[in-house]
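Survey of secondary and tertiary structure
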Amino acid sequence: MKNYKILGSIGLVAGAALALSACGSKNNDNNDAAKEKFPETVPTKTPKNGGTLKYAVETETPFKGIFEDTLQDDSSDADVSQFGMEGLFHANSSYVIDNKGAATFKLDYKAKTITIKVKKGVKWSDGKPVVAKDIEYPYEIIANPDSGSSRYTSSLQEIVGLKEFHDGKAKTISGIEMPKGANGDTVILHFKHMHAGMNMYGSGYFWKSASPYHYLKDVPMKKLKSSDKVRKNPIFFGPFKIDKVVSGQSVTWSPNKYYWKGKPHLNKIVATVISSNSAAEATKSHKFDVLQVVNSQWKQVKGTKGFNFVANTPLSYEYLGFKVGKWDQKAGKNVMDKNSKMNNKSLRQAIAYAMNVDQVNQKYTQGLTFRIPTLIPKGFGEFYDKDIKGYTYNLKKANEILDKAGYKKKGEYRVQPNGKPLTIRLAARTGSSIQEPIIQNYIQQWKKIGLNVKLTQGRLIESNSFYDKIQNDDPSVDMFMGGWSLAAEPSQNDLYGESAPFNFSRFVTKRNSQLLEEMDSTKAENNEYRKKVLYEWQKYMFDEAYVVPISNSYQITAVNSKLTGFSVADGTTLGWNDVAFTK
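Heads up: these notes are all about the structure in this document. (Residues numbered from 1 in each chain as written. Predicted model: local features only at pLDDT ≥ 70, side-chain atom pairs only at ≥ 80, totals over all residues. Heavy atoms only, no water.)

As for the nonpolar core
Ranked by internal contacts, the top residues of the largest apolar core, which has 77 residues, are Leu 320, Ile 351, Trp 446 and Leu 451. With 6 residues, the top contributor of residues to this core is helix 17 (residues 527-544). Non-local contacts of Leu 451, meaning those with residues more than four positions away in its chain, are made with Leu 347, Ile 351, Leu 402, Tyr 413, Arg 414, Leu 422, Ile 424 and Trp 446. Counting 47 residues, the second-largest nonpolar core is a separate cluster that includes Ile 141, Tyr 152, Leu 224 and Ile 235. (Core = buried A, V, L, I, M, F, W, Y, C linked by side-chain atoms within 4.5 Å. Buried < 20%, exposed > 50% of the residue type's maximum accessible area, 1.4 Å probe, protein only. Helix = DSSP H or I, 4+ residues; strand = E, 2+ residues; numbered from the N terminus. Contact = heavy atoms within 4.5 Å.)

Considering the environment of Thr 369
Its location among the elements puts Thr 369 in strand 17 (residues 369-371). Considering only alpha carbons, one finds Thr 369 and Ser 250, 119 residues apart in sequence, at a separation of 29 Å. Side-chain polar atoms of Thr 369 contact the side chain of Asn 295, separated by 3.4 Å. (Polar contact = N/O pair within 3.5 Å; in protein donor to acceptor, adjacent residues only side chain to side chain.)

Digging into the pattern of salt bridges
Side chains that carry opposite charge are capable of pairing whenever their charged atoms lie near each other. For the coordinates displayed, the defined rule picks out 22 salt bridges. The salt bridge partner of Glu 136 is Lys 133, with a shortest N-O separation of 3.0 Å. Taken as a pair, Glu 136 and Lys 133 lie in helix 3 (residues 132-143) at a separation of 3 residues, close to a single helical turn. Judged by relative accessible area, Lys 133 falls into the buried class, the value being 15%. When the shortest N-O distance is used, the salt bridge between Glu 412 and Lys 447 registers 3.1 Å. With Glu 412 in the loop between strand 18 (409-410) and strand 19 (413-414) and Lys 447 in helix 13 (residues 435-448), this residue pair connects regions lying 35 residues apart in the sequence. Overall, Glu 412 belongs to the partly exposed group, its relative accessible area being 49%. (Salt bridge = Lys/Arg side-chain N within 4 Å of Asp/Glu carboxyl O.)

As for the side chain of Thr 374
Here Thr 374 lies in the loop between strand 17 and helix 12 (395-404). Overall, the relative accessible area of 3% leaves Thr 374 in the buried class. There is a polar contact of 2.8 Å between the side chain of Thr 374 and the side chain of Gln 538. Apart from the residues within four sequence positions on either side, Thr 374 is in contact with Tyr 384, Asp 385, Ile 388, Gln 538 and Pro 549.

A short note on the packing of helix 11 (residues 357-365) against helix 13
Two elements in contact, helix 11 and helix 13, have axes separated by 11 Å at closest approach and are oriented at 155 degrees. Classified by the interaxial angle, the pair formed by helix 11 and helix 13 is roughly antiparallel. Considering how the two elements wind past one another, helix 11 and helix 13 form a crossing that is right-handed. Residues Val 357, Val 360 and Tyr 364 of helix 11 lie in contact with helix 13, whose contacting residues are Pro 437, Ile 438, Asn 441 and Tyr 442. (Axes fitted to C-alpha atoms, helices over the stretch in contact; angles between N-to-C directions. Parallel < 35°, antiparallel > 145°, perpendicular 65-115°, else oblique. Left-handed = near helix turned anticlockwise from the far one by under 90°.)

So, the packing of aromatic side chains
All told, the structure shown has 30 aromatic pairs when counted by the stated rule. Between the aromatic rings of Phe 38 and Trp 298, the centroid separation amounts to 5.4 Å while the plane-to-plane angle is 70 degrees, which identifies the pairing as edge-to-face. Separated by 260 residues along the polypeptide, Phe 38 in the loop between helix 1 (32-35) and strand 1 (47-48) and Trp 298 in helix 9 (residues 298-301) bring together distant segments of the chain. Assessed through its relative accessible area of 16%, Phe 38 is described here as buried. On the basis of relative accessibility, which here comes to 4%, the residue Trp 298 falls in the buried class. An aromatic cluster is built from Phe 38, Trp 298, Phe 307, Phe 309, Phe 370 and Tyr 554, whose rings are joined through pairwise contacts. Note that Lys 133 overlies the ring of Tyr 213, its terminal NZ or CZ placed 4.8 Å from the centroid. Over the ring of Tyr 215 we find Lys 229; its NZ or CZ atom is 4.8 Å from the centre of that ring. (Phe/Tyr/Trp six-rings, centres within 6.5 Å; stacked < 30°, edge-to-face > 60°. Lys NZ or Arg CZ within 6 Å of the ring centre and 35° of its normal.)

What follows is the structure, given as structure tokens:
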């Protein structure tokens, strides 16, 4: 059930429909909800074949319907795709790739290669086998500027020849070898350098899934994202295939009879969009078999008969980001503007200190959401620096920082050090019913330190429009509230590197680039060295505050008690093919 992939800005602020992961916070230890122990797996019972599973996709906006993960950016599309979109690999509970997936994985540091071999019987839902070209083709999509993919990163450029292909200097990617031919079962990836963590599922140095070349090859790259083969009639090698798409609203799935692990138990899955505000009501009325619990609604649904509640603390967090530059599409990199309004560390730190995150979490989520101090979640174990205390609520300190930095008060609000008026525009996405009061609360907190913060467009922004503004560096956004679902590997290159499209703040500094390089270097194969660098990076990011972590949450799922085989545990071998109604 786990999706180990980076997803651009998902949930926003505590209690959003997609509750993010909880690291825990001493300030909330007395909360009853925070003390609850949730299982990660529903009870095991005897499965039976058949039945229709109704799955709720909780979002305030229609899903885009991009069923090709090289082109996907947001969580709603990943949510509706998960029943068919299976990765090539499987990972254990430590996120290390084992060989239980659809393909085997062999790393050779000396030869600077990764060898991927598709297992026998792995087929697309049209009956065609998954072949070497299907493993190579995603790299062509990602590296082709015409495709519109946001997945082309400096990490992937470590594959020999990928940059030359992207820049139009080569017609093929020289570092992707298919020793048994395009229709064979083996691919060898050749790298310029090897990096720490390349054996982990979340490594950004290679792609984890396949794309059906035989099916997509005739679609021009410019038209791929909008094509029916991606939007209406996609094919997968996972347990289910799509029967029907109601654009932005629902997807109906039936078993993929060619699935390599055997036919799934369920006859049908219907994934339907609902508003997070109606999630509690939908749970109590048993409208769905599987749905996310909105944390602010936990008291309303707790104890509802006919459901098992499972939960985990995913590798995720919500954050406040500050726009300090732009994405240069031609150069494929972030370019920082030293004169940007928000490119003042004191201003950013003061804004962070003025946020009463603990109070908000306690009031709205019964302790199921927690303030987090650093951008490396606790789920990364030893790589999480527990000594960083983060930006705890401190209005006095916030005011002192602004005074010292020359942000003088002129009437009700402060002006910039150069004497010009200061209006800060905040972009925030629509969410559950608590979204608006939480955002307005923060605006009032910032007013207490003399900062004039206004919502971009004067209101919360619909999700697709929000992402469009953030990714395209809309000048009406000075700061924004976003969130990540993280890849299962502590490297930060794909989120905060100079060549990372997901570095939405657009900050680029020599020190940051140096630390990012060091944390993935061959020296970082030594665990203690890597830990030291990751600690340095966390301290650096805390101090600079280009991106300020806000919170993580328990992610609770309500599961019909007549279902078995459902799990949210990390590294589980269970998938949608194992989910079944019980006898």
